[in-house]
Amino acid sequence: MRYAGVGLVMLAAIGWGISGGIADILMEKGWDPVVISFYRGAVGFICFLAWLLTNVKQNWTFSRRLYLWATLAGLGVAGNFTSYFLSIEASSIAVAATLMYTAPVFVLLISFLLGIERSNWFKWGCIISVLLGIILLTGAYNPASVSVSFLGAAGGLGAGLSYALFIFGFKKAALLGKPQTISTIAFFSFCVILFLLSDRNEIADVLTSSDIGWFILLGLVGAGISFIFYVIGIRKTAPSTASMVAMIEPVTASLFGALILGDSLGAVQFLGIVLILFTITFLSVKQSD
């Protein structure tokens, strides 16, 4: 079908947006953000492993470079999920999701430093526009009444930086192997990293908790099924279209926070969100042309 790819990317973005709301619910119940992040990735890993095993001989690739880049991607996902949830805990879903989508700006800056891309006035204009949006969103223009805590802003930007690391790692690995292999390796390394950083007793408590259903739902909606949908959908969708459709995630997250959790935003914060999302979408479309 003509719009099948767009539909799958859209479903993935909606799932990612909802996952922030589910995580917020779990944090309200007293669960640690790192443990929540671990289970999101662990359930995702099981889904990716099952996807890999559907045709392991065709999907698996033996390459040390592939393992290295996929592991780097897993490190990026671990930082992204954890920083995102910490930002939600310290601020709100809308703020955290929007700041996370500053990732393309980090990718651009890293590309400048590594000499992968040349800077120009358009790209620097986009960077300045995003910075202005961040200032409006966080209230940094008035230090006496900052609307977002330092931890909330740092967590959101950390999630964006980690997302940029994931993008670099996944793109490099994609040149060497299939997404089934890359996703499985990335999320296995994710699980190892966060298991070492998490409270083991709390990880065990989840398994016998009445909230186990929420954790499974978070992993399915926020990692496993949604990521598989995205990988399949992106193959059938133009990069510029996928970039625009993916912006449904922060919109979904913001709506979930406002309608379900009762979060609220001021007019200036809303203007900052619009400015950031518009600039990132415009930059992504231009970069894809």
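Quick notes on the rules
- Residues numbered from 1 in each chain as written.
- Predicted model: local features only at pLDDT ≥ 70, side-chain atom pairs only at ≥ 80, totals over all residues.
- Heavy atoms only, no water.
- Helix = DSSP H or I, 4+ residues; strand = E, 2+ residues; numbered from the N terminus.
- Rg over C-alpha atoms; globule rule 2.2 N^0.38 Å.
- Contact = heavy atoms within 4.5 Å.
- Buried < 20%, exposed > 50% of the residue type's maximum accessible area, 1.4 Å probe, protein only.
- Polar contact = N/O pair within 3.5 Å; in protein donor to acceptor, adjacent residues only side chain to side chain.
- Axes fitted to C-alpha atoms, helices over the stretch in contact; angles between N-to-C directions.
- Parallel < 35°, antiparallel > 145°, perpendicular 65-115°, else oblique.
- Left-handed = near helix turned anticlockwise from the far one by under 90°.
- Nonpolar A, V, L, I, M, F, W, Y, C, P; charged D, E, K, R; others polar.
- Salt bridge = Lys/Arg side-chain N within 4 Å of Asp/Glu carboxyl O.
- Patch = residues over 30% accessible without salt bridge, like charges linked within 9 Å, V, L, I, M, F, W, Y side chains within 5 Å.
- Areas by Shrake-Rupley, 256 points an atom, 1.4 Å probe, with all protein chains shown as cover.
- Core = buried A, V, L, I, M, F, W, Y, C linked by side-chain atoms within 4.5 Å.
- 1 Å grid on protein atoms, 1.4 Å probe; cavity = no way out; pocket = protein on both sides within 12 Å on 5 of 7 lines; lining within 4 Å.
- Points joined across faces, edges and corners; volume = space filled by probe spheres on them.
- Arc of directions from axis to C-beta.
- Disulfide = S-S within 2.5 Å.
- Phe/Tyr/Trp six-rings, centres within 6.5 Å; stacked < 30°, edge-to-face > 60°.
- Lys NZ or Arg CZ within 6 Å of the ring centre and 35° of its normal.

To continue, consider the overall build of the chain. Along the chain, the regular secondary structure elements total 14 helices and zero strands. Going from N to C terminus, the chain has its helices and strands arranged as α-α-α-α-α-α-α-α-α-α-α-α-α-α. Taking 19 Å as the expected radius of gyration for a compact globule of 289 residues, we find that the chain reaches 18 Å, a close match to that expectation. When the backbone C-alpha atoms are referred to their principal axes, the chain occupies close to 55 × 45 × 40 Å. Long-range pairs, those at least 24 residues apart, make up 87% of the contacts in the chain between residues at least 6 apart in sequence.

This brings us to the side chain of T279. Tracing the backbone shows T279 in helix 14 (residues 267-288). Judged by relative accessible area, T279 falls into the buried class, the value being 5%. Of note is the side chain of T279, whose polar atom sits 2.7 Å from the backbone oxygen of L275. Among residues more than four places away in sequence, those in contact with T279 are C126, S129 and V130.

Moving on, we get to the packing of helix 1 (residues 4-28) against helix 2 (residues 33-53). It is the contact of helix 1 with helix 2, at a shortest axis distance of 10 Å, that shows an interaxial angle of 140°. Viewed along their axes, helix 1 and helix 2 adopt a mutual orientation that is oblique. Between helix 1 and helix 2 lies a crossing whose hand is right-handed. Touching W16, S19, A23, L26 and M27 of helix 1 are P33, I36 and R40, all from helix 2. When its residues are assigned to classes, the contact of helix 1 with helix 2 shows six nonpolar, one polar and one charged.

For the structure shown, the criterion picks out one salt bridge. Measuring nitrogen to oxygen at the nearest pair gives 3.4 Å for the salt bridge that ties K29 to D211. One end of the pair, K29, is in the loop between helix 1 and helix 2; the other, D211, is in the loop between helix 10 (200-207) and helix 11 (212-235), with 182 residues separating them in the sequence. According to the relative accessible area criterion, K29 is partly exposed, its value standing at 45%. Residue D211 is classed as buried on the basis of its relative accessible area of 9%.

With that settled, consider a nonpolar patch on the surface. On the surface, a nonpolar cluster with roughly 490 Å² of combined accessible area is contributed by F122, F270, V274, F278 and F282. Top element by residues in the nonpolar patch is helix 14. It accounts for four residues. Mapped onto the elements of the fold, F282 is located in helix 14.

Here we take up the nonpolar core. It is characteristic of soluble globular proteins that their nonpolar side chains tend to be buried jointly. Ranked by internal contacts, the top residues of the largest apolar core, which has 71 residues, are I36, Y84, F85, F187 and F190. Apart from residues no more than four positions distant in its own chain, F190 is found in contact with S37, F38, G41, A42, G74, V77, A78 and F81.

The subject of this paragraph is the layout of surface pockets. Each pocket or cavity is described by its volume, and for the second largest pocket that value is around 160 Å³. Taken together, 10 residues line the second largest pocket, and the ones lying closest to its centre are P250, V251, S254, F270 and I273. Elements supplying a minimum of two residues to the lining of the second largest pocket: helix 13 (248-259) and helix 14.

This brings us to helix 10. One turn of an α-helix holds 3.6 residues; hence residues three or four places apart share an orientation. Burial in helix 10 covers these residues: E202, I203 and V206. The buried residues of helix 10 all sit within an arc of 105° when viewed along its axis, so they share a single face. Opposite the buried face of helix 10, by more than 90 degrees, sit the exposed residues N201 and L207. For helix 10, the secondary structure elements touched by its buried residues are helix 2, helix 9 (179-197) and helix 11.

Before going further, it helps to examine the state of the cysteines. Evaluated as defined, the whole model comprises zero disulfides. Of all cysteine sulfurs, the one in C47 lies closest to C191, which takes part in no disulfide; the gap is 11 Å. Overall, the relative accessible area of 12% leaves C191 in the buried class.

What follows concerns the packing of aromatic side chains. Here a ring pair, both rings aromatic, is described through the centre-centre distance and the interplanar angle of the planes. One pass over the structure, following the stated rule, counts 18 aromatic pairs. Judged by centre distance (6.2 Å) and plane angle (65°), the ring pair of F187 and F227 falls under edge-to-face. You can see F187 sitting in helix 9 and its partner F227 sitting in helix 11, a full 40 residues away along the chain. F227 shares its class with F187; the two are buried. A network of ring pairs unites the aromatic residues F48, F81, Y163, F166, F170, F187, F190 and F227 as a single cluster. Here R40 stacks its cationic end above the ring of F81, 3.7 Å away from the centre of that ring. Directly above the ring of F195 sits R200, whose terminal nitrogen or CZ lies 4.9 Å from the centroid.

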